[in-house]
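Residue strings, one per chain:
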Amino acid sequence: MPDMLRLWACLLLLGSIQAVPFYGDLSSGESTEINESSGSSESSDTSSFMPHLTHHPLPLHRTLFAPLAPLQPLHPLDPLEPMHAQASQRTASVWTGPGSVQGPIPLAPQRHSSHLLPLYSSGFDTEFVPLEHQQPQQQGRQEPAGPVPAQAPGGVDQKPFNVESITTDVNSPNPAIFFQQQFPFFGNEFFNSFGGFGFGAAQEPWWKGPNVCTEKEEDETVASATETDETVDTFGQERDGVSSVVRSPLFGQFQFSVNSCAEKPNKHVCTKIVNQNGKKKTLTLTRQCCYGYGRPRNADFTTPCEKIDIKDVEATASDMGAKQFLESARSAGELAEMLGGGNGKKVTLFVPNDAAFVEYRSQQQQDNNVEDPKAEASKPSIYKLHAVLGEVQLEDVQNEKLLQTELADQKIRINSYQLPAALGLEPYRYAANCVPIEKHDKLSEQALVHTLGGVLKPVTKNVMDIIRARADMSIMRTVLEKTNLSAMLESDRPVTIFVPTDAAFDKLEPHLRRALKEGRGCASNILKNHLLDLTFCSLATVPGAKTTAYNLLGEALLLNRTHLDKNQTGPAPIYINNLAKIIDADIMGTNGVLHVIDTILPTESALPMTSLMTQKNLTIFQQLLEASGYADQFDDLDNVTIFAPTDKALQGTEWARMLKEQPELLNKNLDLLEFLNYHVVKPMIKTCDLTEQSLPTVSGSSVRLNLYSTHALFSDVMNRATVNCARLVHFDDESCGSVLHQVDRPLTPPKNNMLKLLEANPNYSKFLELVRKANLTQLLSNDSRSFTLLVPKNDVFEELTESTEGSRPSDPMGLVKTHIVEDVVCCAGIIPTNWPFVRSIESISGQHLRITRDRRPKIENAGVTKCDVVATNGILHEINDIIVPRPLRNQQRPQLIPPGAGYQPQGDFDVFF
């Protein structure tokens, strides 16, 4: 590696020495470069900017080993004077090859020092230097371009694409340019030798070649409050909102900026935003093929703009296979008016192709029983509906753009859909009112022409009005109005709806069909599954590829256009989620499009709760709902959370036994209803919104939610939830505005507080006696606090007292407080831990008790033999030993004091543990 570094250093040094003679600042006519192959010579163009960089250097491998030439002095570079641009100034120019003599004036004056970095001036004037001015002239095309016609820029038939790129640069997109400016003795060929490493420019893009018109636009506005708080708009130079420069530049005059460029087939647009002293200036530089010039479809990025043949509009349409529409318009006397009436205004025509227009005239003849097929088609409206004032290039039109036609109150909605490159098709498909645009952006003498795969028809109704007018959509109309979703279909925002016919509703189960017709339960969710907040035309689907669209529920709809058999004609059928077929597509409204389908689209989030339970294998709980007779009421619940026990959790319960042996006793059973309602909480809470709290259930009692971490290292990351210490094992299944969580045990409302639990269980009598002696009964009966009580059974005390012959605790209050924790610690929250990731809980006596798990949960030296007995003010764990805090075990263990005075402990059985 050191040898390689030394070699590079030598190459750099030799290159700098040898390259100097070729980059000296020479006078006009002093230098010529000899072409070794032909012997011809070319005079250097010394009138161009930065002549010390524009002379062609020898390649690096020749300059390194050429004889040393006498060094010539380097002339200092002239300082750059900033250009003072006015707001909203637009200038167009055509860039030709460097050898061109004729041509318009370039955008920026060619000055001797124009290759320096642009500077800020004190009056917020900035120079936006085109990239062709920031880089030396290339040795590429030298042919001059002819005079530019005095027409407006146009486009040709092209393959649309739009590649967004963000580049951060220091006044230049190329690092080599910066180094050439600071160290001109290195030369351009040196940096071009590193093209594979990002230095130099191996090929010249089309927008830097000949026949390119450049348009500059500047717009100055007042920056918003957030934009003027604090900005840094130069490298190493801070600005504070409206104040002047706070700190001087670190070195030299540098400008650090972010340029956003978008490249299209015939257009390259760069935007630069500068924020200074509370003002925001937007500089836009657009390069495009000049009028009469274009680039072929699928052209490489280096293919230049070339002269194209521009014909009359009718000849152009004929070449595109769409002559009959314009012939019909001319015969009806409407063509001249469509083309602007001779006022010289730009016009865009959407011309139906011949096949589409012939089919339209035939259909009109059948529908209206007209003898002359041209009579209906010759109406003025049908022609003016296809003409738009202005030159509309599709690559410049945003999706959902509405274009005003020459027919009053009629607009054309333009939609574009991107296709994956793997299909081998054009990257975009365009539609006008969902009619496919087959060929586009063909320039003619009078208009820009796009051809259509159909005839545009007047659109007068919104989507909801179309549904109201259809006799086969009466149920859908009723449901939309009852759920108030009809308002969305009447607004101006774009929308797509897949409308099932009345026959499709007949396929539903009776309960769901009744709920939909009444607008109850899942009706709103089912309808939202059929709605998109955009205009989705059928041409967005491609045979053999699946197209994904997201509905108002945020769920994906997969649309698949099938392949037609050889003997089939017409459009290929489209299926949605492999269930519903589109039987009538692209019915256009003023605010979107409607597609008719033959089947209602199901969704889990729109299933009734009982159906969702069946789908999730919660069969016992669902059967209890059905047997109780309250299933419909549960399905109608909205904005609730249901904690449903799994089948495994309910097996062996009394309710499961009755369901199997005596199901008739469950009908309208109030105890069962209370049990079921205790598993329902308001409002709807997903796991991401769970917090430790008590929530009221529909039955009136409350359940307690707790969160725990099972990460040994990240103990503050809560990833386990319990409700009344029942663990959530599956969660977040949505249904009808509600959510379903599965728990591993049934929930039973607690009836007693801690003290009453001790009193009700005779196995806890000895611990209860200590609680009373410690005067802690009021604490354990307080329902306003939550505890975890660790209770040794009587046999633990009996073992100890047998060995100590009737001894009694020396500190009953301290012993009981060591077994009380003012927190809810469920067994599900106790995980295996090892040093150094030791976890502990704090008792109300201040002792820290280590918790872990091996075969069973363990708290200090005591194992938990019975978990999670729920009380109204906490939970109770039954343990198999008296807890001895770890520090006391290393000092003195708690003693039982036997009757009589002067007793001394005789052995280990005289202490706890």
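Because the structure is a prediction, the values reported are computed rather than measured. (Residues numbered from 1 in each chain as written. Predicted model: local features only at pLDDT ≥ 70, side-chain atom pairs only at ≥ 80, totals over all residues. Heavy atoms only, no water.)

## Some details on the overall build of the chain
Which entries qualify depends on this criterion: Helix and strand definitions here come from DSSP, where helices need a minimum of 4 consecutive H or I residues and strands a minimum of 2 consecutive E residues; each element is numbered from the N-terminal end. Relative accessibility thresholds used throughout: buried, under 20% of the residue-type maximum; exposed, over 50%; partly exposed, between the two (1.4 Å probe, protein chains only). Contacts are assigned to residue pairs that have any heavy atoms within 4.5 Å of one another. Using the Shrake-Rupley algorithm and a 1.4 Å probe, accessible areas are obtained, with residue cover drawn only from the displayed protein chains.
When helices and strands are tallied, the chain shows 31 helices and 42 strands. When each of the 913 residues of the chain is scored for burial, the buried share is 47%. Expressed as a percentage of contacts within the chain between residues at least 6 apart in sequence, the contacts between residues at least 24 apart total 65%. Working note: accessible area of the chain is about 44500 Å², and carbon and sulfur atoms make up 51% of it.

## Section: the sheet that holds strand E21 (residues 531–532)
Two modes of strand pairing occur in sheets, parallel and antiparallel, and in both the strands are linked by backbone hydrogen bonds. This is how the line gets drawn: A pair of strands counts as paired when DSSP detects no fewer than two bridges linking them.
Pairing is mixed across the open sheet formed by 7 strands, whose spatial order is E21-E20-E26-E25-E24-E23-E22. The strands lining the two open edges of the sheet, one partner per strand, are E21 and strand E22 (546–550). Taken together, the 2 bridges between strand E20 (residues 495–500) and E21 define a ladder with antiparallel strand orientation. Bridge pairing in E21 links Thr496 to Leu532.

## Examining the nonpolar core
We apply this condition: Only buried residues count toward a nonpolar core. Its members are Ala, Val, Leu, Ile, Met, Phe, Trp, Tyr and Cys residues joined through side-chain atoms within 4.5 Å.
With 30 residues, the main nonpolar core has Ile467, Leu480, Leu489, Ile497, Leu516 and Leu594 as its most contacted residues. Setting aside chain neighbours within four positions, we find Leu489 in contact with Asn462, Val463, Met464, Ile467, Leu480, Val495, Ile497, Leu531 and Asn591. In this structure, Met754, Leu768, Leu815 and Ile820 belong to the second largest nonpolar core, which totals 25 residues.

## What to know about the packing of aromatic side chains
For the record, the criterion: Working definition: rings of Phe, Tyr and Trp (its six-membered ring) pair if their centres are within 6.5 Å, and the pair is stacked with planes under 30 degrees apart, edge-to-face with planes over 60 apart, and tilted otherwise. Think of it as a cone above the ring: NZ of Lys or CZ of Arg counts as a charge over the ring if it is within 6 Å of the ring centre and within 35 degrees of the ring normal.
Counting across every chain of the model gives 6 aromatic pairs. Ring geometry for Trp655 versus Phe675: centroids 5.9 Å apart, planes at 35°, classification tilted. Of this pair, Trp655 sits in helix H24 (residues 654–661) while Phe675 sits in helix H25 (residues 670–677), placing them 20 residues apart in sequence. When its relative accessible area of 18% is taken as the criterion, Trp655 is described as buried. Taken together, Phe325, Phe357, Tyr360 and Tyr383 form an aromatic cluster joined through their ring pairs. Directly above the ring of Tyr293 sits Lys307, whose terminal nitrogen or CZ lies 5.3 Å from the centroid. Just above the ring of Tyr630 sits the side chain of Lys668; from NZ or CZ to the centre is 4.6 Å.

## Brief notes about the environment of Ile576
Within the secondary structure layout, Ile576 lies in strand E24 (residues 574–576). Accessibility expressed as a relative area gives 0% for Ile576, which makes it buried. For the pair formed by Ile576 and Leu559, sequence separation is 17 residues and the distance between their alpha carbons is 4.6 Å. Once residues within four sequence positions are removed from consideration, Ile576 is found in contact with Phe498, Leu557, Leu558, Leu559, Ile582, Ile597 and Leu601.

## So, the side chain of Thr833
The test is simple: Nitrogen and oxygen atoms within 3.5 Å of one another constitute a polar contact, given that in protein one can donate a hydrogen and the other can accept it, and given that sequence-neighbouring residues count only through two side-chain atoms.
In this fold, Thr833 is placed in the loop between strand E36 (820–821) and strand E37 (839–842). From its side chain, Thr833 meets the backbone oxygen of Ile851 in a polar contact 3.4 Å long. Excluding anything up to four places from it in sequence, Thr833 contacts Val838, Arg839, Arg850, Ile851 and Thr852.

## Details of helix H27 (residues 765–773)
Short version of the rule: Read the arc as the range of directions from the helix axis to the C-beta atoms.
Where H27 is concerned, the buried positions are Phe767, Leu768, Leu770 and Val771. Burial along H27 is one-sided: seen end-on, the buried residues are contained in an arc of 160°. Count one or two residues on from H27 and you reach Asn775, which has phi positive near 55°.

## Digging into the environment of Glu218
Residue position: Glu218 is located in strand E5 (residues 212–222). Separated by 65 residues in sequence, Glu218 and Leu283 place their C-alpha atoms 4.7 Å apart. At 2.8 Å, the side chain of Glu218 forms a polar contact with the side chain of Lys216.

## Considering the pattern of salt bridges
For the record, the criterion: Salt bridges are defined by distance alone: a side-chain nitrogen of Lys or Arg within 4 Å of a carboxyl oxygen of Asp or Glu.
Tallying each qualifying case throughout the model produces 21 salt bridges. With a closest N to O distance of 3.1 Å, Arg468 and Asp465 form a salt bridge. Taken together, the residues Arg468 and Asp465, both in helix H14 (residues 463–469) and 3 residues apart, mark about one turn of the helix. Residue classification places Arg468 among the partly exposed residues on the basis of a relative accessible area of 32%.

## Structural notes on the confidence of the model for the chain
To keep it simple, the criterion reads: One confidence number per residue, pLDDT, is output by the predictor and ranges from 0 to 100.
Here the chain averages 74 in pLDDT, and 67% of its residues register 70 or above. Counting interchain partners and residues more than four positions distant, the pLDDT-below-50 stretch residues 16–201 has 366 contacts. Within the model, the stretch residues 227–257 combines pLDDT values under 50 with 64 contacts to residues more than four positions away or in other chains.

## Re the state of the cysteines
Let me state the cut-off plainly: Disulfides are defined in this document as cysteine sulfur pairs within 2.5 Å.
Taken as a whole, this structure holds 6 disulfides when the rule is applied. One disulfide bridge connects Cys261 with Cys270, the sulfur atoms lying 2.2 Å from each other. Here the S-S torsion is close to 105°, and the disulfide linking Cys261 with Cys270 is therefore right-handed. With respect to class, Cys261 is no different from Cys270; both count as buried.

## Points about the environment of Ala355
You can see Ala355 is positioned in helix H11 (residues 354–368). Separated by 98 residues in the primary sequence, Ala355 and Gly453 have C-alpha atoms spaced 8.1 Å apart.

## As for helix H15 (residues 474–482)
Here H15 has its buried residues at Ile475, Met476, Val479 and Leu480. What you see down the axis of H15 is that its buried residues fit within an arc of 130°, all on one side. Buried-residue contacts for H15 involve H14, helix H16 (486–490), E20, helix H17 (502–505), helix H18 (510–518) and helix H19 (523–528).

## Details of the pairing of strand E31 (residues 720–723)
Side chains Arg720 and Thr722 of E31 all project onto a buried face; the interleaved residues Ala721 and Val723 project onto the opposite face, where all are buried too. Note: strand E30 (residues 702–708) against E31, 4 bridges, orientation antiparallel. When the sheet's bridge partners are listed, Leu707 is paired in E31 with Ala721.

## So, the sheet that holds strand E16 (residues 411–418)
Operational definition: For every element, the axis is a line fit to its C-alpha atoms; helices are fit only across the contacting stretch, and the angle between N-to-C directions ranges from 0 to 180 degrees.
What the 7 strands build is an open sheet, ordered E14-E13-E19-E18-E17-E16-E15; its pairing is mixed. This sheet does not close on itself; its edge strands, each paired only once, are strand E14 (387–389) and strand E15 (401–404). Averaged over all pairs of adjacent strands, the angle between their axes in this sheet comes to 30°, without regard to strand direction. Bridge count for strand E18 (residues 435–443) against strand E19 (residues 448–452) is 4 bridges, and the pairing is antiparallel. Following the sheet pairing, Leu443 is matched in E19 by Leu448.

## Some thoughts on the pairing of E18
Sheet topology places strand E17 (residues 428–432) next to E18; 3 bridges connect them, and they run antiparallel. In the strand pairing of E18, Ala431 is matched with Pro436. Linkage of E17 to E18, two consecutive antiparallel strands, is achieved through a turn of 2 residues, within which Asn433 is found at a positive phi near 50°. From the end of E18 to the start of E19, which pair antiparallel, there are 4 residues.

## Section: the packing of helix H21 (residues 619–628) against H25
Pairs of packed helices are described in terms of their axes, by the angle between the two and the distance that separates them. Basically, it comes down to this: Note that the term roughly parallel is reserved for angles under 35 degrees, roughly antiparallel for angles over 145, roughly perpendicular for angles of 65 to 115, and oblique for everything else. Here a crossing is called left-handed whenever its near helix is offset anticlockwise from the far helix by less than a right angle, and right-handed whenever the offset is clockwise. By the convention adopted, Pro, Cys, Tyr, Trp, Phe, Met, Ile, Leu, Val and Ala count as nonpolar, Lys, Arg, Asp and Glu as charged, and the other residues, Gly among them, as polar.
Where H21 meets H25, the axes come as close as 10 Å, and the angle between the chain directions of the two elements is 140°. By the criterion of interaxial angle, the relationship of H21 to H25 is oblique. The two elements H21 and H25 meet at a crossing, and its hand is left-handed. Counting all contacts with H21, which are made through Phe621, Leu624, Leu625 and Ser628, the residues of H25 involved are Leu672, Phe675 and Leu676. Across the contact of H21 with H25, the residue classes tally to 6 nonpolar, 1 polar and no charged.

## A look at unusual backbone geometry
Of note, the bond from Lys682 into Pro683 is cis; its omega dihedral lies within 30 degrees of zero at 5°. As for its placement among the helices and strands, Pro683 is situated in the loop between strand E28 (680–681) and strand E29 (693–696). The residue Cys434 is not glycine, and still its phi comes out positive at about 65°. Positionally, Cys434 belongs in the loop between E17 and E18. Among the residues examined, Cys434 registers a relative accessible area of 5% and is labelled buried.

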